[in-house]
Amino acid sequence: MYSVRILISSLLWQVNPSENSDGLPRLFTFWTPNGYRSGCYNMLCPGFIQTSRTISLGAAISPISTYNGEQYDVAFMIWKDPKSENWWLKVGNEVIGYWPASLFTDLRNHATLIEYGGEVYSGSSGKHTSTQMGSGHFPDEGLGKAAYARNLEVIDRANNLNPASNLQLYTDKPNCYSVTKGYGGVWHNYIYFGGPGYNPKCL
C-alpha cells in the first residue's frame, strides 16, 4: 500500500486495469536517461537488464495490506555500483537487475534528487480524477489505514546506507492527497501519504 519514486526511474506499486486486465498492484518502473524527455516502462524497450529468475518487472505483488487489517511492506533499493557504474534494483532480498550506466547522461555521476511517496495522473477533463493514492485514505489516519514508506535511507559514494536527511514535504493537491513525516523507533525516517482523489474539497 505504498510507493516509492526515485529520480533514476519511477519505482512504484501500480494498479492499471487497462494495461494488466486486473486490479492487482504490480511492480512498475519507468527509467529516463534525460530528465523525462524520453524513457521506457519496465522492459518494453531495451534498457533494464533483468538478472533475477524469481521476480520480474510488472509482476503482481502479494500479499497486500488491507484497510484496518493486516499490514505488509517490502523493501526497495536502487544504488549505483561504484565499479561498473550501473544502477541496480533490489526488491526485498532479491536483486532484480540493473540499468546500464551507458543509458544515462543526467545520472552519470550521481542522483540529484530522491523522492518518496506516490503520484497519480489526472487528465485535463476539468474534474480531478477519482483515482486513489495508497489506501485511498489521508495520512492522518495513521498505521493500518494510510499508506506509508519507512526506513527512508540514501546510499553515499562509498556504498554506505545513511538516514535520509532534510526531508521536505510536497503535495500539489492537498485536498486530494496529502503527506506527513515522522522519525522514531525501528521505522526511523518515515512518511504517511495518500488520499481519495476526487471529493467535495478536491475538484
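All figures in this text were calculated on a predicted structure; none of them were measured in a lab.

Undergrad: I tried to follow the overall build of the chain on my own but got confused; where do I start?
TA: When you go through the chain residue by residue, the secondary structure sums to one helix and 14 strands. The proportion of buried residues among the 203 residues of the chain is 39%. Counting only contacts in the chain whose residues sit at least 6 apart along the sequence, the fraction spanning at least 24 positions is 56%. A total accessible area of about 11600 Å² is found for the chain, and carbon and sulfur atoms account for 51% of it.

Undergrad: Is there a simple way to think about the nonpolar core in this case?
TA: Of all hydrophobic cores here, the largest spans 15 residues; its most connected members are L89 and W99. Secondary-structure elements contributing two or more residues to this core are β3 (26-31), β6 (76-80), β7 (87-91) and β8 (94-99). Sort the elements by how many residues they give to this core and β7 lands first, with three residues.

Undergrad: How do you make sense of the sheet that holds β6 when you look at a structure like this?
TA: Adjacent strands of a sheet form backbone hydrogen bonds with each other and so pair up, either parallel or antiparallel. With respect to topology, four strands assemble into an open sheet ordered β5-β8-β7-β6, the strand pairing being antiparallel. Across the chains shown, the open sheet's two edge strands, defined by having one partner strand only, are β5 (49-50) and β6. Taken together, the five bridges between β6 and β7 define a ladder with antiparallel strand orientation. Looking at β7, one finds that F76 is bridged to V91.

Undergrad: Sorry, what's going on with the sheet that holds strand β10 (residues 147-150) here?
TA: Within the open sheet, the three strands sit side by side as β10-β14-β13. Their pairing is antiparallel. Single-partner strands in this sheet number two, and they are β10 and β13 (178-184). Strand-to-strand, the axes of this sheet are offset by a mean angle of 20°, without reference to chain direction.

Undergrad: Explain the packing of aromatic side chains to me, please; I cannot follow it from the model alone.
TA: Remark: the centre distance and the inter-plane angle together describe each pair of aromatic rings, the angle taken between the planes. Following the criterion strictly, the structure yields ten aromatic pairs and no others. Centre to centre, the rings of W88 and Y98 are 4.7 Å apart; their planes meet at 40°, and the pair counts as tilted. In this pair, W88 is assigned in strand β7 and Y98 in strand β8, connecting sequence segments ten residues apart. Plain terms: the ring middles of Y148 and Y192 are 6.3 Å apart, the flat faces sit at 70° to each other, and that makes the pair edge-to-face. Residue Y148 is found in strand β10, and its partner Y192 is found in strand β14 (residues 188-194); the two are separated by 44 residues along the sequence. Every member of this aromatic cluster is reached through a ring pair, and the members are Y148, W187, Y190 and Y192. Taking NZ or CZ as reference, K127 lies 4.7 Å from the ring centre of Y198, over its face.

Reading the values: the criteria
Residues numbered from 1 in each chain as written. Predicted model: local features only at pLDDT ≥ 70, side-chain atom pairs only at ≥ 80, totals over all residues. Heavy atoms only, no water. Helix = DSSP H or I, 4+ residues; strand = E, 2+ residues; numbered from the N terminus. Buried < 20%, exposed > 50% of the residue type's maximum accessible area, 1.4 Å probe, protein only. Contact = heavy atoms within 4.5 Å. Areas by Shrake-Rupley, 256 points an atom, 1.4 Å probe, with all protein chains shown as cover. Core = buried A, V, L, I, M, F, W, Y, C linked by side-chain atoms within 4.5 Å. Pairing = 2+ DSSP bridges. Axes fitted to C-alpha atoms, helices over the stretch in contact; angles between N-to-C directions. Phe/Tyr/Trp six-rings, centres within 6.5 Å; stacked < 30°, edge-to-face > 60°. Lys NZ or Arg CZ within 6 Å of the ring centre and 35° of its normal.

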